[in-house]
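Spelled out, the chains give:
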Amino acid sequence: MKRTTLARLGAALTIMPLALHAGPFDGTYKQTANAECALVGVDGGSLRIEDDIFYGVEVECRMTNPVMIEDMQATVFDMACIGEGSTWEERVIMMLDAQDPGIYMIWDGYAFRYERCEDPGE
């Protein structure tokens, strides 16, 4: 192989793990219809999922032990959370909205739908 071909292949392989790591739920989502997408983790802002971490209002949860739900675009996660001076664990079901860009999050006794922000910076 030519040296340039090997260099391109090496560059592609170093970038590939980053692209593969992004999950189907990664993104920024509005907490309400009028939420500011650029403000993450505050009242009136948005929430974000990135690299298996959920960033909510003054809370951060590490998403672990994913179990895909058969025949659905949904996954159950164990959540190890920290916020407002305490730590706790929860389970959550995350499901992609089949009709509009967004997700559903189902916690024990609560269900939320969040619209996906067009661009995290907006």
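One can find the structure itself at the top, above this paragraph.
The model shown is predicted, which means the values in this text are computed figures rather than measured ones. Every chain's residues receive numbers from 1 upward, in the order its sequence appears when written. The predicted nature of this model means local features are confined to residues of pLDDT at least 70 and side-chain atom pairs, given and counted, to a pLDDT of 80 or more, with totals for whole chains, interfaces and linings taken over all residues. Side-chain calculation: all heavy atoms of the structure are included, whereas hydrogens and water are not.

Caption draft 1: Summary view of the layout of surface pockets. Approximately 320 Å³ is the volume attributed to the largest pocket. In this analysis the probe radius is 1.4 Å and the grid spacing 1 Å, with only protein atoms considered; a cavity is a set of points the probe fits into but cannot get out of, a pocket is an open set with protein on both sides within 12 Å along at least five of seven lines, and lining residues have an atom within 4 Å of a point. Contributing to the lining of the largest pocket are 14 residues, with F54, V59, W107, F112 and Y114 lying nearest its centre. Secondary structure follows DSSP: runs of H or I at least 4 residues long count as helices, runs of E at least 2 residues long count as strands, and numbering of each begins at the N terminus. Elements with a minimum of two residues in the lining of the largest pocket: strand 3 (53-56), strand 4 (59-69), strand 6 (86-96) and strand 8 (110-116). Here the lining of the largest pocket takes 3 residues from strand 8, the largest share from any one element. For the lining of the largest pocket, a count of residues per class yields 11 nonpolar, 2 polar and 1 charged. Grid points are joined across faces, edges and corners, and a volume is the space filled by probe spheres set on the points. Charged residues are taken to be Asp, Glu, Lys and Arg, nonpolar residues to be Ala, Val, Leu, Ile, Met, Phe, Trp, Tyr, Cys and Pro, and polar residues to be all remaining types, Gly included.

Caption draft 2: View of the state of the cysteines. Cysteine sulfur atoms are paired as a disulfide whenever they fall within 2.5 Å. Summed over the entire model, instances satisfying the criterion amount to 2 disulfides. Here C37 engages in a disulfide with C117; their sulfurs sit 2.0 Å apart. On the sign convention where negative is left-handed, the bridge of C37 and C117, at about -90° about the S-S bond, is left-handed. Highlighted residues: C37 in the loop between strand 1 (27-30) and strand 2 (46-50) and C117 in the segment after strand 8, separated in sequence by 80 residues. Using a 1.4 Å probe on the protein chains alone, a residue whose accessible area is under 20% of its type maximum counts as buried, one over 50% counts as exposed, and one in between counts as partly exposed. On the basis of relative accessible area, C117 is assigned to the buried category, the value being 6%. Put simply, C61 and C81 are joined by a disulfide, and their sulfur atoms are 2.1 Å apart. Measuring the twist about the S-S bond at about 110°, one finds the C61-C81 disulfide to be right-handed.

Caption draft 3: Structural detail: the packing of aromatic side chains. What counts as a ring pair is set by centres within 6.5 Å for rings of Phe, Tyr and Trp (its six-membered ring), and what kind of pair is set by the plane angle: stacked under 30 degrees, edge-to-face over 60, tilted for all other angles. According to the stated counting rule, one finds 4 aromatic pairs in the structure shown. Look at F25 and F77: their rings are 6.1 Å apart centre to centre, the planes differ by 80°, and that puts the pair in the edge-to-face class. Of the two residues, F25 sits in the loop between helix 1 (3-21) and strand 1 while F77 sits in strand 5 (residues 74-83), which places them 52 residues apart along the sequence. Each member of the pair, F25 together with F77, is buried. By the ring-pair criterion, three or more aromatic residues cluster together here, those being Y110, F112 and Y114.

Caption draft 4: Up close: the pairing of strand 7 (residues 102-107). Two strands are said to pair when DSSP picks up at least two bridges between them. Bridge count between strand 6 and strand 7: 4 bridges; the pairing is antiparallel. Each bridged residue has a counterpart across the sheet, and for I93 the counterpart in strand 7 is I106. Linking strand 6 back to strand 7 in an antiparallel pair, the connection comprises 5 residues. Here 6 bridges tie strand 7 to strand 8, and the two strands are oriented antiparallel to one another. Bridged to Y104 within strand 8 is R113. The hairpin formed by strand 7 and strand 8 contains 2 residues between the paired strands, and G109 there has a positive phi angle of roughly 90°.

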